[in-house]
Amino acid sequence: MDKRVEQVRDVLHEAAETHHEVYRIVDGADDDWASWYADWLINLSELPNLLGTTPVRSELVYELVGLHKEYTAKVAEEDWESYYAQRLLTDFRSDGGRSARPA
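Residues numbered from 1 in each chain as written. Predicted model: local features only at pLDDT ≥ 70, side-chain atom pairs only at ≥ 80, totals over all residues. Heavy atoms only, no water.

*Asks:* Looking at this structure, how should I read helix 5 (residues 80–91)?
*Replies:* The α-helix advances 3.6 residues per turn, and as a result positions three or four apart in sequence lie on the same side. In this model helix 5 runs 16 Å from its N-terminal to its C-terminal C-alpha over 12 residues, within 8% of the 16 Å that 1.5 Å per residue would give. Every buried residue of helix 5 is listed here: Glu81, Ser82, Tyr83, Tyr84, Ala85, Leu88, Leu89 and Asp91. Buried residues along helix 5 sit in contact with helix 1 (3–22), helix 3 (47–51) and helix 4 (57–73). Where helix 5 begins, the capping side chain belongs to Asp79, and its oxygen is found 3.3 Å from the backbone nitrogen of Glu81. (Helix = DSSP H or I, 4+ residues; strand = E, 2+ residues; numbered from the N terminus. Expected span 1.5 Å × (residues − 1). Buried < 20%, exposed > 50% of the residue type's maximum accessible area, 1.4 Å probe, protein only. Contact = heavy atoms within 4.5 Å. Polar contact = N/O pair within 3.5 Å; in protein donor to acceptor, adjacent residues only side chain to side chain.)

*Asks:* Can you help me understand the nonpolar core in this one?
*Replies:* What tends to happen in soluble globular proteins is that the nonpolar side chains get buried as a cluster. The biggest cluster of nonpolar side chains holds 27 residues, and the ones touching the most others in it are Leu41, Leu60 and Leu64. Of all the secondary-structure elements, those providing two or more residues to this core are helix 1, helix 2 (33–43), helix 3, helix 4 and helix 5. In terms of residue count, the dominant contributor to this core is helix 2 (7 residues). Setting aside chain neighbours within four positions, we find Leu41 in contact with Val11, Leu12, Ala15, Leu47, Pro48, Leu60 and Leu64. (Core = buried A, V, L, I, M, F, W, Y, C linked by side-chain atoms within 4.5 Å.)

*Asks:* What is the right way to look at the pattern of salt bridges in this model?
*Replies:* A side chain with one charge can pair with a side chain of the opposite charge if their charged atoms come near. One pass over the structure, following the stated rule, counts 5 salt bridges. Ionic pairing is found between Arg9 and Asp10, a salt bridge with its closest N-O pair at 3.1 Å. For Arg9, a relative accessible area of 21% translates into the label partly exposed. (Salt bridge = Lys/Arg side-chain N within 4 Å of Asp/Glu carboxyl O.)

*Asks:* Whenever I open this one, the layout of surface pockets confuses me. Can you help?
*Replies:* A probe matching the size of a water molecule, rolled over the atoms, marks out where space remains unfilled. The computed volume of the largest pocket comes to approximately 220 Å³. If you go around the largest pocket, you meet 12 residues; those closest to its centre are Ala16, Trp33, Tyr37, His68 and Trp80. Taken together, the elements giving at least two residues each to the lining of the largest pocket come down to helix 1, helix 2, helix 4 and helix 5. Looking at side-chain class alone, the lining of the largest pocket contains 6 nonpolar, 5 polar and 1 charged residues. (1 Å grid on protein atoms, 1.4 Å probe; cavity = no way out; pocket = protein on both sides within 12 Å on 5 of 7 lines; lining within 4 Å. Points joined across faces, edges and corners; volume = space filled by probe spheres on them. Nonpolar A, V, L, I, M, F, W, Y, C, P; charged D, E, K, R; others polar.)

*Asks:* In this structure, what is going on with the environment of Arg9? I would like to understand it.
*Replies:* Along the chain, Arg9 turns up in helix 1. For the pair Arg9 and Glu81, spaced 72 residues apart in sequence, the C-alpha to C-alpha distance is 4.9 Å.

Quick look at the structure:
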């Protein structure tokens, strides 16, 4: 596995653990999870540095929701963190990918 994919995967795993802890009273349940993740990933994690750009929050929310739908609709051969990491690195590349601002 590519080192950057592994690093982004680890950040996503940390976000999941943090989210579950924050929402522990409801066992991690949060219908607006993607908004929480996007805010945490942009403002409190290394994700912008790993991507080489800072995603626009609304675009990251959109991407996370789309990735969730894709991942849950198919038989996954990899963990969700790795699947999302590969796509985020592709979609939010610093050379003109999706909506982003320099990190």
